[in-house]
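Listed below are the residues making up each chain.
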Amino acid sequence: MKQFISVVSLLVPDYDEGLEFYVNVLGCQLIEDTELEPGKRWILVAPPGSVETRLLLAKADGPEQQAAIGNQAGGRVFLFLTTDDFDRDYAAMSERGVQFLEAPRREPYGTVAVFQDPFGNKWDLIQPA
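- Labelled according to an unreviewed UniProt entry, the protein appears under the name Lactoylglutathione lyase, originating from Roseibium alexandrii.

Topic: the nonpolar core
- Tyr-22, Leu-26, Val-45, Leu-57, Val-98 and Phe-115 are the most contacted members of the largest nonpolar core, which has 28 residues in total.
- At the level of elements, strand S1 (7-12), helix H1 (15-25), strand S3 (40-46), strand S4 (54-59), strand S5 (77-82), helix H3 (86-95), strand S8 (110-116) and strand S9 (122-128) are the ones that each hand at least two residues to this core.
- Looking at this core, the element that brings in the most residues is H1, giving five residues.
- Counting the residues that make up this core, at least three belong to each of domain 1 (1-69) and domain 2 (71-128).
- With near-sequence residues (within four places) excluded, Val-98 lies in contact with Phe-21, Val-25, Leu-26, Met-93 and Phe-115.

As for the pairing of S9
- With five bridges joining them, S5 and S9 adopt parallel strand pairing. Considered in S9, the bridge of Leu-81 is made with Leu-125.
- Pairing of S8 with S9, which is carried by seven bridges, proceeds in the antiparallel orientation. Bridged to Val-112 within S9 is Ile-126.
- The loop that links S8 with its antiparallel partner S9 comprises five residues; one of these, Gly-120, has a positive phi angle of about 110 degrees.

Digging into the packing of aromatic side chains
- Evaluated as defined, the whole model comprises six aromatic pairs.
- Ring centres of Phe-86 and Tyr-90 lie 5.6 Å apart, and the angle between their planes is 15 degrees; this geometry places the pair in the stacked category. Of this pair, Phe-86 and Tyr-90 both sit in helix H3, four residues apart, roughly one helical turn.
- A relative accessible area of 1% means that Phe-86 is categorised as buried.

Describing the domain arrangement of the protein
- As assigned here, the protein comprises domain 1 (1-69) and domain 2 (71-128).
- For domain 1 versus domain 2, the separation of C-alpha centres amounts to 18 Å.
- For the pair domain 1 and domain 2, the two sides together bury roughly 1,300 Å², of which 70% comes from carbon and sulfur.
- Three residues stand out in domain 1 for area buried against domain 2, namely Phe-21, Val-25 and Leu-26, and they jointly supply 36% of the buried area on that side.
- One can count zero salt bridges joining domain 1 with domain 2.
- In this assembly, domain 1 and domain 2 are joined by eight residue pairs in polar contact (both at pLDDT 80 or more).
- If you list the elements that add at least two residues to the side of domain 1 that touches domain 2, you get S1 and H1.
- With six residues, the top contributor of residues to the side of domain 1 that touches domain 2 is H1.

Quick look at the UniProt feature "domain: VOC" (unreviewed entry) in the protein
- In the numbering adopted here, UniProt assigns the feature "domain: VOC" (unreviewed entry) to residues 3-128.
- Taken as a whole, residues 3-128 contains 21% helix and 42% strand, while its terminal C-alpha atoms sit 22 Å from one another.

Basis of the calculations
- Residues numbered from 1 in each chain as written.
- Predicted model: local features only at pLDDT ≥ 70, side-chain atom pairs only at ≥ 80, totals over all residues.
- Heavy atoms only, no water.
- Core = buried A, V, L, I, M, F, W, Y, C linked by side-chain atoms within 4.5 Å.
- Buried < 20%, exposed > 50% of the residue type's maximum accessible area, 1.4 Å probe, protein only.
- Helix = DSSP H or I, 4+ residues; strand = E, 2+ residues; numbered from the N terminus.
- Domains from an automatic or database assignment.
- Contact = heavy atoms within 4.5 Å.
- Pairing = 2+ DSSP bridges.
- Phe/Tyr/Trp six-rings, centres within 6.5 Å; stacked < 30°, edge-to-face > 60°.
- Buried area = accessible area lost by both parts, 1.4 Å probe.
- Salt bridge = Lys/Arg side-chain N within 4 Å of Asp/Glu carboxyl O.
- Polar contact = N/O pair within 3.5 Å; in protein donor to acceptor, adjacent residues only side chain to side chain.
- UniProt positions renumbered as here; feature names shortened; annotations may be inferred.

Set out below in structure tokens:
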């Protein structure tokens with residue numbers, strides 16, 4: 001049996017703001033941008049080289065979802081971006097304006113630094129040991 005997580009829904013305040021950061025700043029590939037109905041789109045992005053897992057940029061609908069933007073993990077790191085070259089990706093992301101919340105650190109499990117998207121979601125950039 002094979003199972004995997006194919007899509008993770010990520011709340012954003014606006015589709016185009018989400019695309020601007022995740023594609024133009026973070027460097028994800030745009031997989032799909034389909035209008036489902038007026039004002040509602042299906043937008044999938046994925047980090048370069050990602051084979052199975054995608055992010056669905058979901059525009060928050062209503063006050064409850066809007067309040068959850070940037071806090072889907074209750075203030076903890078929400079997503080983990082694994083890389084095969086930490087130094088390369090840290091430098092490139094920093095140059096494009098990604099906001100790192102700490103300096104890179106070496107841990108027994110790998111090299112890691114926490115960054116935050118413009119909506120408040122915390123991520124780990126990590127290269128496993």
